[in-house]
Structure formats: structure tokens, C-alpha cells
Amino acid sequence: MGSMIKYSALVTKIRAMSAKLLKEEDFKALSEFQSVPEVVSHLKEFPAYRDILSLLDDTDLHRGKIEKVLIQPLYEDYTKLYRFSGLEQRKFLKLYLKRYEVELVNYCFRIIFNHYQKPFDLDYKKQFFNRYSQISIDRLIEAKNIRELTEGLRNTEYYLPLSKLLDAGAADLFDFDLALNLYYFSSVWKEKKKILKKKELEIFTKEAGTQIDLLNLQWICRSKKYYDMQPADIYALLIPIHFHIPPEELKNLTEVSGIKEFNARVLGGYYGKRYRMEDVDSIEQMYRECLRRLYLTERRRDPYSIASLTAYLFYKEEEIQRLITIMERVRYGLPPEPAAGYVKGVIGI
């Protein structure tokens with residue numbers, strides 16, 4: 001009864017927001033257009049995107065600009081959820097915000113490493129991050145190299161792990177990307193126990209633990225398929241947290257001789273038995289589909305809990321990524337059917 005009272009107003013708001021999420025038939029219709037302007041024009045018919053897309057004209061319809069515009073509805077929804085949340089829920093949303101902070105810092109590292117002429121077009125993120133984040137957009141904008149960017153994070157929790165990496169002589173984008181992701185998952189895994197109790201801690205542990213397991217499986221698969229990495233090198237890059245995949249099993253998965261043997265082991269493991277994984281080569285789609293099912297199940301089981309928060313944000317993030325993928329399919333003239341299958345992320349339900 002207590003959780004129902006605590007979440008009553010927030011869940012009502014989430015239900016109203018969920019009604020505005022795009023449906024499968026909407027994605028299907030969007031995927032059948034022949035040009036990006038047509039997709040954008042149709043997308044303007046949906047309330048969540050009407051105002052923000054009205055700021056674009058035909059000269060702005062390139063991937064970078066569209067991504068910057070489409071991220072705004074996610075930030076707006078986070079803001080709405082934050083406003084309707086109580087103190088405990090806001091603490092959780094602050095923890096959840098870390099994923100957006102890590103994405104931002106990783107973006108800045110990529111810009112510097114790639115020596116773009118106009119490195120920091122971050123005005124579209126400034127209002128959101130200035131309101132909710134420990135990161136100063138203004139300080140990041142001033143950075144001209146990796147050391148200055150790291151210094152711009154001095155008053156944040158990300159400064160220490162990155163400055164240690166810099167002092168150790170790290171010089172590759174991959175090193176900084178890996179360090180940030182490892183720090184993110186490790187810190188979230190540790191901090192969840194400080195802000196969540198009992199049932200909510202159980203829900204988030206299941207969601208975060210599943211994501212970590214699936215990311216590790218995805219990285220092992222990609223390392224073997226595309227990079228031909230040695231087992232010791234692969235294992236050193238994995239997130240050092242184990243949920244349904246024991247450490248020894250994860251180590252064994254890194255040591256199999258190839259994709260075929262990897263597939264067989266995964267199919268015989270926890271996730272292979274729980275979810276249909278007939279084609280582990282499509283492990284990116286499997287990752288999204290497993291999480292989609294998990295969030296849906298948890299939300300149905302405990303609607304008056306953080307499960308409603310995490311499920312909504314997950315689906316909104318997925319919606320934006322699907323829209324970007326559809327626009328890329330249209331831009332490059334890919335046929336609708338394969339693109340729709342990829343966008344949906346289904347591996348054969």
C-alpha cells in the first residue's frame with residue numbers, strides 16, 4: 001500500500017506519457033517512406049515530436065542535426081518524471097542520469113581524438129545538463145585536448161579515474177571509452193544499495209545485472225567475430241560484475257575457439273535457455289530484445305515501483321534510436337523489410 005501511495009502520481013504521469021509513445025504500426029509506416037523529409041513530415045504529426053521538429057528545415061536533415069533534435073524529447077520526458085517524483089525517486093533518477101553523463105563525456109573524447117574543426121556543438125544539451133548534472137558544459141566546450149577535457153571534469157566523480165588513466169600514459173580513445181564504461185557500471189552497481197531498499201533494490205539489481213551480462217556476451221562475440229582478439233585480452237575488457245553468468249563460465253566463453261562454439265555455449269547457458277537465441281551472430285538484437293522483455297515483465301509485476309520509471313526511459317531511448325535507424329535506412333535506400341527487422345531488434349519470437 002505504501003509503494004502505491006508513493007508512486008500514485010508518478011505512475012499516472014508515466015501512463016499518460018506512455019500513451020504518446022510510437023506504436024509498431026507507426027514505425028512500419030515511417031519505414032516505408034522514400035526520403036528523410038517525408039519521414040520528418042510524418043513524424044511531426046505526433047505530439048512528442050511536433051514542436052521540436054518544426055525547428056528543422058530541409059537543409060538541416062542530416063544525421064548529426066536530427067540526432068541532436070530527437071534527443072530533446074528524451075530530456076523533456078526525464079524532466080517531467082523528475083518533477084513528478086518524490087525525494088527517493090529523484091535520488092534514483094540522479095543515479096540513472098549517469099548513463100547520459102557518460103555518453104556526453106565519451107562524445108567529447110571522440111570529438112577531440114578525431115580533431116573535428118568545430119568540436120563542441122553542445123548547446124542543445126546545455127540546459128538539461130546545467131539543471132541536473134554535475135558536469136559543466138561550459139568547461140567541456142573550452143577543452144582543446146584530452147588533458148584539458150579531463151581537467152574540465154575536475155569537480156565531478158569522473159575526474160579521478162580519467163586523470164589516473166591520463167597520468168598512466170593512456171593515448172587511445174578506446175582506453176578512455178573503456179575506463180568510463182567500467183567506472184559507470186561499477187559505481188552504479190555499488191551505489192544502488194545506498195539509495196534503494198528491498199523490492200526496488202531487487203528490481204534494479206535484476207535490470208542492471210542482466211544488462212551487464214548481455215553487454216559482456218555482446219563484447220565477447222564481437223571480439224571473436226570482428227577483431228580476432230586473444231582470450232586474455234577479451235577477459236581484461238569485460239565488466240567485472242557477474243549476475244547470471246558465473247566468473248568461470250564467462251572466462252570459458254572467452255576461451256572458446258570460434259563463434260560456432262561460442263553460440264553453442266551461450267545457447268546452453270542461462271540466457272540461451274531463458275530466451276530464444278537461434279542466431280547469436282545477431283547478438284546486438286538479442287541484447288535489446290532480452291532487455292525489452294525484462295523491462296516489460298518487471299513493470300507489469302510491480303507497476304508502483306522504479307520498474308515503471310526504468311521501463312519508460314528504456315522504451316523512450318529505444319524509440320529515438322529506432323527513428324534514427326529508420327532515417328538512415330531511408331537516406332541510403334535500404335529496402336524496408338530488412339530495415340524494419342533490424343529496427344525492431346527481434347531475433348525470432
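Residues numbered from 1 in each chain as written. Predicted model: local features only at pLDDT ≥ 70, side-chain atom pairs only at ≥ 80, totals over all residues. Heavy atoms only, no water.

Visitor: How should unusual backbone geometry be read in this particular structure?
Guide: Glycine aside, the phi torsion of most residues is negative, and most peptide linkages are trans. Phi at K198 takes a positive value of approximately 45°, unusual for a residue other than glycine. Inspection of the secondary structure assignment puts K198 in helix α12 (residues 198-227). Positive phi, normally seen in glycine, also occurs at D228, with a value near 50°. Turning to its location among the elements, D228 is positioned in the loop between α12 and α13 (231-237). (Helix = DSSP H or I, 4+ residues; strand = E, 2+ residues; numbered from the N terminus.)

Visitor: Help me understand empty space enclosed by the protein in this model?
Guide: Unfilled space is identified by rolling a water-sized probe across the atoms. The tally for this structure, following the rule as stated, stands at two cavities of 30 Å³ or more. The computed volume of the largest cavity comes to approximately 90 Å³. Secondary-structure elements contributing two or more residues to the lining of the largest cavity are α6 (87-113), α11 (173-195) and α12. At five residues, the largest contribution of residues to the lining of the largest cavity is made by α12. (1 Å grid on protein atoms, 1.4 Å probe; cavity = no way out; pocket = protein on both sides within 12 Å on 5 of 7 lines; lining within 4 Å. Points joined across faces, edges and corners; volume = space filled by probe spheres on them.)

Visitor: Would you take a moment to explain the packing of helix α3 (residues 36-43) against helix α18 (residues 306-331) for this structure?
Guide: When two helices pack together, their arrangement is captured by the angle between the axes and the distance separating the axes. For the pair α3 and α18, interaxial distance at closest approach is 9 Å and the crossing angle is 150°. In this structure, α3 uses V36, V39, V40 and L43 to contact α18, whose residues at the interface are L323, M327, V330 and R331. Class assignment for the residues of the contact of α3 with α18 results in seven nonpolar, no polar and one charged. (Axes fitted to C-alpha atoms, helices over the stretch in contact; angles between N-to-C directions. Contact = heavy atoms within 4.5 Å. Nonpolar A, V, L, I, M, F, W, Y, C, P; charged D, E, K, R; others polar.)

Visitor: I tried to follow helix α15 (residues 259-267) on my own but got confused; where do I start?
Guide: Residues that lie three or four places apart on an α-helix share one face, since the helix turns once every 3.6 residues. Where α15 is concerned, the buried positions are I259, F262, N263 and V266. Looking straight down α15, one finds its buried side chains confined to an arc of 100°; they lie on one side. Exposed residues lying more than 90 degrees from the buried face of α15 are K260 and A264. (Buried < 20%, exposed > 50% of the residue type's maximum accessible area, 1.4 Å probe, protein only. Arc of directions from axis to C-beta.)

Visitor: Sorry if this is basic, but what is going on with the packing of aromatic side chains here?
Guide: Overall, the coordinates contain 24 aromatic pairs when judged by the stated rule. Judged by centre distance (6.3 Å) and plane angle (20°), the rings of Y78 and Y82 are stacked. In this pair, Y78 and Y82 both sit in helix α5 (residues 63-83), four residues apart, roughly one turn of the helix. On the accessibility criterion, Y78 (0% relative accessible area) is buried. For Y82, a relative accessible area of 16% gives the class buried. Summarising the aromatic geometry, the rings of Y96 and Y100 are spaced 5.9 Å apart at their centres and angled 75° between planes, so their arrangement reads as edge-to-face. Placement of both Y96 and Y100 in helix α6 is noted, with a separation of four residues, approximately one turn of the helix. Just as Y96 is buried, Y100 falls in that class too. Put simply, the rings of Y75, Y78, Y82, F92, Y96, Y100, F128, F129, Y132 and F204 pair up and form one aromatic cluster. The residue whose ring lies beneath R99 is Y96, and the NZ or CZ to ring-centre distance is 4.0 Å. Its guanidinium or amino end placed over the ring of F27, R322 lies 3.8 Å from that ring's centre, counting from NZ or CZ. (Phe/Tyr/Trp six-rings, centres within 6.5 Å; stacked < 30°, edge-to-face > 60°. Lys NZ or Arg CZ within 6 Å of the ring centre and 35° of its normal.)

Visitor: What should I look at first to understand the pattern of salt bridges in this one?
Guide: As a working rule, side chains carrying opposite charge can pair if their charged atoms are close by. Using the criterion set out here, one finds 23 salt bridges in the structure. Among the salt bridges present, the one from K199 reaches E202, with a minimum N-O distance of 3.7 Å. Of this pair, K199 and E202 both sit in helix α12, separated by three residues, roughly a single helical turn. The salt bridge involving E289 is made with R293; its shortest N-O contact spans 3.5 Å. Of this pair, E289 and R293 are both found in helix α17 (residues 283-301), four residues apart, which corresponds to roughly one turn of the helix. A relative accessible area of 7% places E289 in the buried class. (Salt bridge = Lys/Arg side-chain N within 4 Å of Asp/Glu carboxyl O.)

Visitor: Sorry if this is basic, but what is going on with the side chain of S223 here?
Guide: By the element assignment, S223 lies in helix α12. Judged by its relative accessible area of 0%, S223 is buried. If we skip the residues at most four places from it in the chain, S223 touches D228, M229 and I234.

Visitor: I'm lost on the nonpolar core in this one. Help?
Guide: One recurring pattern in soluble globular proteins is that nonpolar side chains are buried together. By size, the foremost hydrophobic cluster in this structure holds 104 residues, and its most contacted members are L43, L53, L70, L81, Y100, L217 and F262. With 14 residues, α18 is the largest single contributor of residues to this core. (Core = buried A, V, L, I, M, F, W, Y, C linked by side-chain atoms within 4.5 Å.)

Visitor: Looking at this structure, I do not really get the state of the cysteines. What am I missing?
Guide: This model, assessed by the stated rule, comprises zero disulfides. Of all cysteine sulfurs, the one in C221 lies closest to C290, which takes part in no disulfide; the gap is 13 Å. Taking the relative accessible area as the measure of exposure, C290 reaches 1% and is therefore buried. (Disulfide = S-S within 2.5 Å.)

Visitor: What is the right way to look at the confidence of the model for the protein chain in this model?
Guide: One rule of thumb: low pLDDT means the predicted coordinates there are not for detailed reading. The predicted model of the protein chain averages 87 in pLDDT, with 91% of residues at 70 or higher. Taken as a whole, residues 337-349 scores under 50 in pLDDT and shows 25 contacts with residues more than four places along the chain or in a different chain. (pLDDT = per-residue confidence, 0-100.)

Visitor: Which parts of the structure should I look at to understand the side chain of S85?
Guide: Structurally, S85 is set in the loop between α5 and α6. Residue class for S85 comes out buried when judged on its relative accessible area of 8%. Among the polar contacts listed, one links the side chain of S85 to the backbone oxygen of L81, at a separation of 2.6 Å. (Polar contact = N/O pair within 3.5 Å; in protein donor to acceptor, adjacent residues only side chain to side chain.)

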